[in-house]
Structure formats: C-alpha cells, structure tokens
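# Close look at the chain arrangement
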Amino acid sequence: MEKIQIEGYTQDEGCYIKNGIKVTDFILGVKKIIFGKEGMCKYKFIVSAEGGRTFERTVTLQQLKRHCFLQELPLFVKEGDAFYQAIYNTVSAIYFTVYDTEYQTERNGLQEVEGRQMYAFTNTSIAADGFHPEIYSGVGHMFIPNVAISQGLAETAEKLFREYNRNPNIFYTLFLHNIMSISNRFFRSIGEPEFMKLTLWIDGQSGSGKTELAKVVGAYTFGDQMLNRELIAATGKRRDALKHLSQSSGSVCILDDVKMERVRDRKNSMRNTVDDLIRSTFRGRMTDTVGTDSEPEWIDACALITGEYLDTCESQNARLIYLKIDGFVDSEENSRALRILSQNPIWLTTVCVGYIQWFLRMMEEISFSELLHGKLGELRKREKMYAGISNAARLNENRHMLDMATILSEMFFREAGMPQGFIECFTKNAKQSVAAVTESTFCLLGGEKMLLFKAIERIFAECNIRVAQYQKEPWKHSEWQYQQEYFWIWKDEDFVWINDYKQSILKGTQHDNEQFDENPCLIIRVDRFDELFRSAVDNLANERQISSEIVDKLLANPLKMLREMQIIYKQYRADSKLGRPAVNYPTYRLTEATDFQYPDDCYCGQDYGNTLHKEVICDLECEPVIQINTGHPCIGILKSRMEDNEPEDTYENVRKWNIRGITPEEAYHTRKAFMNSKSLYRE
C-alpha cells in the first residue's frame, strides 16, 4: 500500500509538512474496499506513526467528510479542519487500481466475486490460482493462514494420513465431513440443495477425547490468527450457536460439550439449540432469525456436535451421522496421533485448501456437474441398505453423501499425483469408515431392532403352532392331572402354546404352592428358532427389505437383542446381569408307532375295549428352549391367528407311550425348573 500525497502537503520522514511546518506525526496509506453485491465503498486507512506505531481505520466517504476520524488516536495534527478537508479532496480524486482495491464479501464460502468463483474467508479468499488476500469476508472465525498454500501438498497429505491411518474409522469420518462442508454449495447449484449437508455427532464418556478430537480434526479453518479452532459452547446462548452456524458456510460449525442437564429449563434450552443446529444444517437455511443481524439466504455448512447424545425426534435423528468414541484416548496410537496432529494443525488446512483449488478448477468444466449427477445416480441405484425401516430414505442418503465425499477425495488425490498405494489405502480406509459410522448411526436409531422385529413378525405370521391340550390323564394310578406328553415339545414342530403353565404342572389333586406364571407360555427349541429366524432374514434380504450388509449383523446374536427388546425371557440371575436366554426343557422325537387293541375287559377310566389305539415309542431328552414374552406387541400377529385356533388332540388315539431316554418324572421336574428360572430382562 503506497503512501498518499495529500493535496497542499508534502511528505517528510514519517510526517506531513505544509509551508515548511510539520503538521502531523504520521503518514497515511489508503485502500478502497468494495462491499457485497451492491458495491458500497469504504476506505481503509493505514496510519504509520512515529515510533513504529501503526493504526487502522475504515470509514465511508461521508464519514471521511464529516468527521475527524483520527481524533481518538494518540496522534498529532495541526490545523485539523484544513488537513481533514484536504484528505477528503485527495481521496475523492484518487483512481484506485485493482492493486489498491479490496473486496469484502457478505458471507463466507463459495461465491462469485468480480466474475470469478472463489471461497471467501475472514482474512482471505481462495481461487483456482491460489490465495487472494485482497478479497475476504471479514465475517468471524474463518481464518486461513497464508502458509497453507505454500506447503507441499503431496508431502503434507502423506504426513496427515499417516496419522489418520492409525484409526481410519474416526479420523477419516471427520476428514470426509470437512470435504462435504466444502462441496455442498456447488451441489445446491446443480439442483441438490440438501446434499452434502450433515451433522456429525461425536459421543463418548467424559475424558474420551471428544473436544480434543474436534479441535484437531473437526474443521480445517481457524478461529483466529493464532490457529486456534473455535468451538461454541453448547451451554451458551442459542443465538450465539445460530450466529456461529450462519458464519460457517464452506466449513464446519462445532458445538461443543452437550450435556444431559438436570434442570428442566436448561435441558429444554440445550435440546432446542441442538434441534435448530441439526435442522438448519440439513435444510441449508436458518430455522429462526435469532442470532444474526442479516441472515444469508443459504447456509452451506456442516455441523459437528460433541457431548452426550440427546434424542430430539425421530426425523431429526436421521439427519445426522453418529460416532461413538468411548475409550478413544486410552489407546496409545490414538493419543499419539492426536498429539502429532495438534502440533501440526496446518496439515489438514493445507490438504483442504488444495482440494478447494482443485474443486474450483473442476467447476469450470461443463462436464463436471454431469459427472457428479452420474455418480450420484449410480449411488442411488444401488441396493437400499436400510430399506424397510423408518427413515430409510434419509439414512441411505446420508451414506450417499459420505460415499460422494470419498469419490471426490479420491479424484482429487489422483489428480494431485499421489502414489497409487496412497490412493488405494485411502479408498479402502474411507469405505471402511463410511460403513462403520453409518452402521453406528443405524444402531443408534434402532435400525437393527426394527429389522429384527420385522423378522420376528414374519416368523409368527408363517410358523406352525400347536396349542397344548389339557387332556386328563386316563390312568387311575397316574400322579399327574394332565397328560404330560401334551406339554413336551416334539422336535418336528415349531412353537408350543400352553395357555396356563401353572395348571399344566399340577400333580393329581394336590396343588403345589410354588409361584408359577399363570399367563400363556410360548416356547420353541433354540435350534428350530435359529432355522426359522435365518429363513425369515434370508427371505427379507431376497425381497430387498434388508440389505445383504445387514444380514450377517442380524444373524450374529439375535437372542441377545431379543432379550434386550424383552421379546424373550432370560434365565434368572441374582446379580441382575443378562442371563442365558435358553433353559433346558423336555423334547422328544417319535421313533415308532404301532397299532394295538385293548382287551375287552380293560377299563382305565374310559371304555377303550375293542378300540384300535396307537402305541408310540419316543426318545425323550432335555435341550435348550426359549420362551417368548406373550405380553410383547410383536405377539399381536400371532394372537390374531390363534383366535379361532382350538387345542387339537395332536396324538389322537395314542394311549400308550413307551418313553426312552430320561424318565417322565425327570421331564416333569425339568419343566418345573424351566418356569422357576425364567424372568424378563429389565434395565
């Protein structure tokens, strides 16, 4: 910035002179600043005073004419009215070249300035050919240091991802989140206004490293010239959080330290702030005018939240991706990576600045938008990973955003000349991180339980079920009131329904005092349930209601999830821990059946003489059986099937049982132990 020659005054060393008399102890330099689309002008004066002192003042031409704009500064001015009038006359007549002109945009992020597409930040702007400090936004907390473009991109990327590769699932997710924040404005311009706009929630226990991770990897811009990344406290004012978001276009807005407040007003305030942040980020517009003096029409930013997860509402939850990092800093590898990244904050900025320059060059190519539309179409035509559950469309779209960020990053690194080994490693780890974070989000939103519920309903709609008959024991000498064979499980059947378990184990006319459940009891062998469940899941996958990527997860340990959902009972444990879901129960297989006729003089409580009956041989044993909670809503479809389902004499004309294996007495006591050991799992 050259020093200006004021009309009627001459310059000397560090001062202005008139008629041989020193009238100031400073020299002025001036630049013209053009603001926004309207082209409003201001003038920025740099005051170089004696003693090495420097001051800066920005004023409009009217302010320059009416006020002594330097009078509050510790400066010497003789005959001030004449001097200020001379400044006004001189500045009004200056023709400012492009080198003497600055452009201050109204907002941060991607925009057109003087006919060129560029990214504006607080202190500078980035175009395809590099930094342009003469163009800046002046809008807070979005500093880009000039050294970010002077760093060697390839070398810096190698260093950055050497640390990221220590934990790809965490670091890569945050990197892709930054890429999304840079790219989303362009997607809006090509007809995808809500694409690449997501909130990333970092959840974890106290001391897990959430805030440190956000500071080091959360955003590629800085809050000030000292390279501190700015985090807005979630416990602060809602208007501050919204203002921070409105200023974050082209980058990431970080809301730090969300807490489960106990005081109702604080809890509601926190929840409202979080809800507004998620909704505004997704829509790209402020949901409320609170927080800013002049709201931009659009917000092209992503948001990052750290702290305890707060469930707002189902539709809002699907607008975020969820990262759980409990125990993150307990790992030496993670701690080392954080330490190195903290000592080199410029690495992430350098790579992102390089991406911005590449992205701007690509935007100039007409075919680029067609390429992105094609890639996006391919992603959306793929198998719907979350088909068949609530918010499936949003959850799949969230994954498409992360996949697109991976595709763009790979294209950038390839054009930047990164080695093939680097690119292959990046692509592999990026895909792994996307799969991990979307699965984590899926589980957070109850996706696995939704699909498990769907599979259970499918089983109940299609399975065979036998309602146990309370057949009086025909033999006078029997110690049981009912035929116990009706309450055992035949290995070739699905479910057995016992209407009143307490009645089913009564002995003769003696009523035991033990506390048994009088509600209906629905039981099935574990092996048979596993067969039915696998078949139901496979059918849902074939019908594209469940992605093949989810099938293995569902089949891994369904009984554990069924216990947690209280669909099945568990074995009782005195320590209240989650007990085993299966308990031994009498099961049998019929191995032989023969016809026989009772003698005419045979009387066993009924007239069986001259009647053809069956004698069966069965192998009786005990094996693991699970009990379904008949009070659970998922049983509804089964109960509707059973409304007209009366008990049938499954073993019609079977009057003689030849039992092998364990004795009927042992089977009876196993049944008693089965019910005594069952209880619902409770939180």
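In what follows, the structure referred to is the one given above.
Residues numbered from 1 in each chain as written. Predicted model: local features only at pLDDT ≥ 70, side-chain atom pairs only at ≥ 80, totals over all residues. Heavy atoms only, no water.

### Side note on the overall build of the protein chain
Scanning the protein chain from terminus to terminus reveals 21 helices and 26 strands. Buried residues in the protein chain amount to 53% of all 683 residues. Looking at the protein chain alone, contacts between residues at least 24 apart form 71% of all its contacts between residues at least 6 apart. (Helix = DSSP H or I, 4+ residues; strand = E, 2+ residues; numbered from the N terminus. Buried < 20%, exposed > 50% of the residue type's maximum accessible area, 1.4 Å probe, protein only. Contact = heavy atoms within 4.5 Å.)

### Some thoughts on the environment of G20
Residue position: G20 is located in the loop between β2 (15-18) and β3 (21-22). Among the residues examined, G20 registers a relative accessible area of 70% and is labelled exposed. Once the C-alpha coordinates of G20 and T10 are considered, the two residues, 10 residues apart in sequence, prove to be 9.0 Å apart.

### Overview of the sheet that holds β3
The strands making up a sheet are joined through hydrogen bonds of the backbone, oriented either antiparallel or parallel. Ordered in space as β1-β2-β3, the three strands form an open sheet in which the pairing is antiparallel. Of all the strands in the sheet, just β1 (10-12) and β3 have a single pairing partner and so form its edges. The pairing of β1 with β2 spans three bridges and is classified as antiparallel. Across the sheet, the residue bridging to Q11 is Y16, located in β2. (Pairing = 2+ DSSP bridges.)

### Structural notes on the packing of helix α5 (residues 168-189) against helix α13 (residues 392-415)
With their axes 9 Å apart at the nearest point, α5 and α13 run at an angle of 95° to one another. In this view, α5 runs roughly perpendicular relative to α13, as classed from their interaxial angle. Every residue of α13 that contacts α5 at F175, L176, I179, M180, S183 and F187 is listed here: M401, L402, M404, A405, T406, L408, S409 and F413. (Axes fitted to C-alpha atoms, helices over the stretch in contact; angles between N-to-C directions. Parallel < 35°, antiparallel > 145°, perpendicular 65-115°, else oblique.)

### Some details on the pairing of strand β20 (residues 495-498)
What you see with β20 is no split at all: F495 and W497 on one side and V496 and I498 on the other are buried throughout. Note that strand β18 (residues 465-467) and β20 share three bridges and pair parallel. What sits directly across from I465, in β20, is F495.

### Overview of helix α11 (residues 346-363)
The end-to-end C-alpha distance of α11, which contains 18 residues, comes to 25 Å, matching closely the 26 Å that a straight helix rising 1.5 Å per residue would cover. Burial analysis of α11 places 17 of its 18 residues in the buried class, the great majority of the element. (Expected span 1.5 Å × (residues − 1).)

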